[in-house]
Amino acid sequence: MAEYNSGKAPNLKTNVMRILEKENIKYIPHEYPHGKDAVDGASVAKLMNQDPEYVFKTLVTKGASGKFYVFVVPVADELDLKKCAASVGEKSVAMIHVKDITRVTGYVRGGCSPIGMKKQYKTTFHKTAEEIPKIIVSTGKIGYQIDLQPKDLIRLTDAQCADIIK
């Protein structure tokens with residue numbers, strides 16, 4: 001079940017939270033001030049007063065084979081597409097177009113979570129996820145994040161970890 005922080009817990013329960021509760025994975029929900037549009041990840045970390053090394057963004061790519069891949073990296077870092085391709089055995093990968101995010105994932109730009117996409121795509125976290133005490137990712141809705149144990153998130157998403165940033 002959820003473990004709420006001492007701040008105010010959001011009144012919202014997302015599918016991501018329901019999935020975590022069904023799997024008995026503890027999490028701490030966070031809410032940050034937001035409008036209708038996405039905010040960059042570094043700003044999200046600052047709005048939540050969290051270390052950007054713990055706040056990860058979820059990015060979706062398409063490989064040369066036509067398969068989709070999910071990469072989850074610290075918000076201040078940038079994907080290295082060559083390293084990403086090598087990590088999933090593709091010749092190359094490219095970021096999907098913003099207009100395709102909802103169709104492919106079920107989420108909107110700025111609210112993409114590695115948990116609960118329309119389909120479970122091969123997921124890779126940056127290798128630092130194995131070394132940090134907590135990881136914070138989107139709940140699938142702009143303005144809401146969850147904080148949980150990296151090992152739980154990696155296991156739940158059946159993910160691998162690799163060096164995938166520049």
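Refer to the structure printed above.
Residues numbered from 1 in each chain as written. Predicted model: local features only at pLDDT ≥ 70, side-chain atom pairs only at ≥ 80, totals over all residues. Heavy atoms only, no water.

### Description of the environment of Asp40
Following the sequence through the fold, Asp40 ends up in the loop between β1 (28-31) and α2 (41-47). Asp40 sits 46 residues away from Ala86 along the chain, and the two C-alpha atoms are 27 Å apart. (Helix = DSSP H or I, 4+ residues; strand = E, 2+ residues; numbered from the N terminus.)

### Structural notes on the packing of aromatic side chains
Tallied over the entire structure, the rule returns one aromatic pair. Here the aromatic rings of Phe68 and Tyr121 are separated by 5.7 Å at their centres, their planes lie at 65°, and the arrangement is edge-to-face. Of the two residues, Phe68 sits in strand β3 (residues 68-74) while Tyr121 sits in the loop between α4 (101-105) and β5 (122-126), which places them 53 residues apart along the sequence. (Phe/Tyr/Trp six-rings, centres within 6.5 Å; stacked < 30°, edge-to-face > 60°.)

### Looking at helix α3 (residues 81-88)
The complete set of buried residues in α3 reads Cys84, Ala85, Ser87 and Val88. Along the long axis of α3, the arc covered by the buried residues comes to 160°, so they all point the same way. Structural note: α3 exposes Lys82 and Ala86 on the side pointing more than 90 degrees away from its buried face. Buried positions along α3 lie against β3, β4 (93-95), β5 and β8 (160-162). (Buried < 20%, exposed > 50% of the residue type's maximum accessible area, 1.4 Å probe, protein only. Arc of directions from axis to C-beta. Contact = heavy atoms within 4.5 Å.)

### Remarks on the sheet that holds β8
The strand order β4-β2-β3-β5-β8 describes an open sheet built from five strands, whose pairing is mixed. Of all strands in the sheet, those with a lone pairing partner are β4 and β8, marking the two edges. Each strand of the sheet is rotated relative to its neighbour by a mean of 35°, with strand direction disregarded. Of the strand pairs in this sheet, β5 and β8 are connected by three bridges, and their pairing is parallel. Looking at β8, one finds that Thr124 is bridged to Gln160. Against the sheet, α3 touches β2 (56-63), β3, β4, β5 and β8, its axis set at about 125° to β4. (Pairing = 2+ DSSP bridges. Axes fitted to C-alpha atoms, helices over the stretch in contact; angles between N-to-C directions.)

Note that all results are geometric; they support no functional claim without further evidence.
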